[in-house]
Amino acid sequence: MSNTPSTPSRRRFLHTAAVAAVGAPIAFRLLTQPAHAASDKPALPLDNPQAVALGYVEDASKVDAAARPQFKPGSNCNNCNFIQGEPGERVGCMLFPANSVAGAGWCVSWAAKA
Ligand code: SF4
């Protein structure tokens, strides 16, 4: 048994060292993982129930504006507030995190980019 008193600063140092030993490999892994581009994700299936419910289409120019009064000419996924990443052919959408959507696509949740 040791007679050395455990001072608060020594305990703090040991705690900090333990946290660093556990956290450093996790942080390294997160920082060195390749970013997955939206185009790497599978395309949103048109029969996806949420996509159907939101009237998602791959080509906004084909939206029936009479049936979809929410549609604003010129709106598409590339200029939607819910896009993730840069505009492109396939883009990420916050509403469909497991899939990519068409940059030229559209759904009723479209909102102008802030
Ligand atoms: S929320 Fe925006 S980015 Fe997502 S599918 Fe609808 S229009 Fe496209």
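Each chain carries its own residue numbering, running from 1 in the direction its sequence is written. Totals for whole chains, interfaces and linings use all residues, but because this is a predicted model, local features are given only for residues with pLDDT of at least 70 and pairs of side-chain atoms are given and counted only at 80 or more. The basis for every side-chain value is the complete set of non-hydrogen atoms in the structure, without hydrogens or water.

S.K.: Lay out the overall build of the protein chain in plain terms, naming residues and giving numbers.
M.R.: If you tally the helices and strands in the protein chain, you get two helices and three strands. Contacts are residue-level and defined by heavy atoms, with any inter-residue pair within 4.5 Å sufficient. Within the protein chain, counting contacts between residues at least 6 apart in sequence, those at least 24 apart form 65% of the total. Accessible surface, the protein chain as shown: approximately 7900 Å² in total, 63% of it carbon and sulfur. Strands are runs of DSSP state E lasting at least two residues, helices are runs of H or I lasting at least four, and both sets are numbered from the N terminus onward. In short, Shrake-Rupley with a 1.4 Å probe defines the accessible areas, and a residue's cover is counted only from the protein chains shown.

S.K.: Please provide a residue-by-residue account of the side chain of serine 100, values included.
M.R.: Turning to its location among the elements, serine 100 is positioned in strand β3 (residues 100-102). Aside from chain neighbours lying at most four places away, what touches serine 100 is Ala38, Lys41, Pro42, Ala43, Leu44, Arg90 and Val91.

S.K.: Any details on the sheet that holds strand β2 (residues 90-93)? Residues and values, ideally.
M.R.: Any two strands are treated as partners once DSSP identifies two or more bridges connecting them. In space, the three strands of this open sheet follow the order β1-β2-β3, with antiparallel pairing throughout. Strands with a single pairing partner mark the edges of an open sheet, and in this sheet they are β1 (83-84) and β3. Inspection of the sheet shows β1 paired to β2 by two bridges, in the antiparallel sense. Looking across to β2, one finds that isoleucine 83 is bridged to cysteine 93.

S.K.: An account of the pattern of salt bridges is needed here, citing residue identities and associated values.
M.R.: In a structure, side chains of opposite charge can pair up when their charged atoms sit close to one another. Take a side-chain nitrogen of Lys or Arg and a carboxyl oxygen of Asp or Glu: if they are within 4 Å of each other, that pair is a salt bridge. Tallying each qualifying case throughout the model produces two salt bridges. One salt bridge connects lysine 62 with aspartate 59, and the closest N-O pair in it is separated by 3.7 Å.

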